[in-house]
Amino acid sequence: MCYEHEISDTISHRDTLPPPSVLQHVVDVHCHPTDSEIPVKSMDNLPIIIGAMSTFQADQGLVRDLATAFSDKVVPSFGYHPWFTHWIALAPYESKENHYRRIFKDADEHLEAFQKLLVHLPEPVTLQTVLEDVRQNLMAFPCAMLGEVGIDRAFRVPYDYFSSPGELTPFTVPFEHQLTILEAQLDLAAELGRNISMHSVKSQMATVELLDRMADKHGEHWMKISIDIHSCGFSPQTWLSIEKRHPNVFLSLSTVINSRSPNHRALIAACSSRRILVESDCHTIEDCTQRTWDMVLIVAEVKGWPVESSWEEVVDESQQGVVRRLENNWKEFMQGNHAGLSKIIKRTARER
C-alpha cells in the first residue's frame, strides 16, 4: 500500500495489452480499488482477477460489497494495515486522548503536534472488536484472505491520512504495538486456514523471526496456508533464506513500489520460479490491468520466459509462457497445503 500521491508517473508503460483470452489468466494479487470510486462499467470491463485489500475499519465493508457484486473477478482480503494500528487499543482505555498518549509516548515532547493530530484521530477500536470483525468477514467468504496486514518501521503518522498532499507528524507507531496486532491476526488466519497478504517495510529480520515463530507455534496449521510478502523489498539473500525455510511463503512485486529500486530485478532473478506473483498495488481500478501487466513483462524479461500473445489450452511445460507460469503459482498459493514440502525441506536440511 502506498500514499496515492507517491505513485510514480515516471514508469514507462508498454501500452499494448494482450488479448482478453490471455488477460483472463492474469491475477493482480494485491490492490486497493475501494480507495477510489469504482464505476460499475470499469468492473464490467475488468479483464483480470484482482485481490482487493482492506486496511482499516471503514473499508472492510467496501471490499465485502465489491466481492459480493463481482465474485467472479474479486478475491477479497480482510484485515488491518500497520499504518492504522495506532487506532487499535490492546486493552480498555479511559479516553481517546489517554489511548493515544499511551501509543505516542513522546506526546509531551511534541505537545502542539499531538494536539493538532488528536483532532483528526478517530475513537479507538479494541483489538477484540477488530478480530471479531475480521473473523466475521473471512467466514462470510470461503476464499477470502487476510490482508493487508503487516509491520512497518518507516511509516510516520500523518496529521490527516485522507488529505493530499499529506503532512507528517513526528510520531511513529511503536513496533511492538504493530507486531502484537499483526500476530493476533496471523493467529486467526492459521485458525481459519486463510492465506495472507503481508506488508513488510524496513523489517526484514523481524519478518524472518516472525515467520519462524509462526511456523513453530502453529505447525501444520501454518503450513496449510500461504503467505505473500507483497511489493517485497527484501534483499535477494534474505529472500533466499526465507524461501529455503518456508515453503508456504511467496513474494509479489509491483511497479508502483518496486520499480523505485533496481533491487527488484535481482530479487526476481533469485526467487524460485514457483514462488513469484505480480500485483499493481493500485488505488484505482482503471489502472490495475496495465500496472499488473507491466510487472508481468518485467518478470518475463528477467526470467527469460516467453510472453503469450494468444492462449493455448494445452502447452508443453518447457514451452510455458510467463502468464501461464504466474497463473500456476497463484493456483498453488490459493491451494495451500504445503506441509509435505515442509517435511522434505527439513529432511534435506538434516541430511546435509
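Refer to the structure printed above.
Residues numbered from 1 in each chain as written. Predicted model: local features only at pLDDT ≥ 70, side-chain atom pairs only at ≥ 80, totals over all residues. Heavy atoms only, no water.

> What should I look at first to understand the nonpolar core in this one?
One broad rule of soluble globular proteins: the nonpolar side chains tend to lie buried together. Membership of the largest hydrophobic core comes to 78 residues, with the highest contact counts inside it found for Leu-186, Ile-196, Trp-222 and Ile-276. Excluding residues within four positions of it along the chain, Trp-222 makes contact with Leu-186, Ala-190, Ile-196, Leu-211, Met-214, Ala-215, Ile-227 and Asn-248. Within the second largest apolar cluster, 19 residues are counted, among which are Phe-104, Ala-113, Phe-155 and Tyr-161. (Core = buried A, V, L, I, M, F, W, Y, C linked by side-chain atoms within 4.5 Å. Buried < 20%, exposed > 50% of the residue type's maximum accessible area, 1.4 Å probe, protein only. Contact = heavy atoms within 4.5 Å.)

> Honestly, the packing of helix H7 (residues 175-192) against helix H8 (residues 204-218) in this entry has me stumped. Any pointers?
When two helices pack together, their arrangement is captured by the angle between the axes and the distance separating the axes. Close contact between H7 and H8 brings their axes to 12 Å; oriented N to C, the two are set at 35°. In this structure, the crossing between H7 and H8 has a hand that is right-handed. Judged by residue contacts, Phe-175, Leu-179, Leu-182, Glu-183, Leu-186, Asp-187 and Ala-190 of H7 engage Ala-206, Leu-210, Arg-213, Met-214, Lys-217 and His-218 from H8. Grouping the constituent residues of the contact of H7 with H8 by class yields eight nonpolar, one polar and four charged. (Axes fitted to C-alpha atoms, helices over the stretch in contact; angles between N-to-C directions. Helix = DSSP H or I, 4+ residues; strand = E, 2+ residues; numbered from the N terminus. Left-handed = near helix turned anticlockwise from the far one by under 90°. Nonpolar A, V, L, I, M, F, W, Y, C, P; charged D, E, K, R; others polar.)

> Would you mind going over helix H14 (residues 322-335) with me for this structure?
Side chains of residues three or four places apart in an α-helix project in the same direction, reflecting 3.6 residues per turn. Counted at 1.5 Å a residue, the expected span for H14 with its 14 residues is 20 Å, and the 20 Å between its end C-alpha atoms agrees. Turning to H14, its buried residues are Val-322, Val-323, Arg-324, Leu-326, Glu-327, Asn-329, Trp-330 and Phe-333. Positioned one or two residues after H14, Gly-336 has a phi angle of 70°, which is positive. (Expected span 1.5 Å × (residues − 1).)

> Looking at this model, I keep getting lost on the packing of aromatic side chains. Mind explaining?
In this description, an aromatic ring pair is defined by two values, namely the gap between the centres and the angle between the planes. Considering all chains together, one arrives at 13 aromatic pairs under this definition. Seen from their ring centres, Phe-56 and Phe-162 are 5.8 Å apart, and the 50° between their planes marks the pair as tilted. In this pair, Phe-56 sits in the loop between strand E2 (49-52) and helix H3 (57-69) while Phe-162 sits in the loop between strand E6 (145-152) and H7, placing the two residues 106 residues apart along the sequence. Relative accessible area serves as the criterion here: at 11%, Phe-56 is assigned to the buried category. Taking the centre distance of 5.6 Å and the plane angle of 15° together, the rings of Trp-330 and Phe-333 count as stacked. On the criterion of helical spacing, the pair formed by Trp-330 and Phe-333 is a turn pair, its members being three residues apart in helix H14. Here the guanidinium or amino end of Lys-116 rests over the ring plane of Tyr-159, the centre of that ring lying 4.3 Å away. Looking at Arg-324, its charged tip hangs above the ring of Trp-311, at a distance of 4.1 Å from the centre. (Phe/Tyr/Trp six-rings, centres within 6.5 Å; stacked < 30°, edge-to-face > 60°. Lys NZ or Arg CZ within 6 Å of the ring centre and 35° of its normal.)

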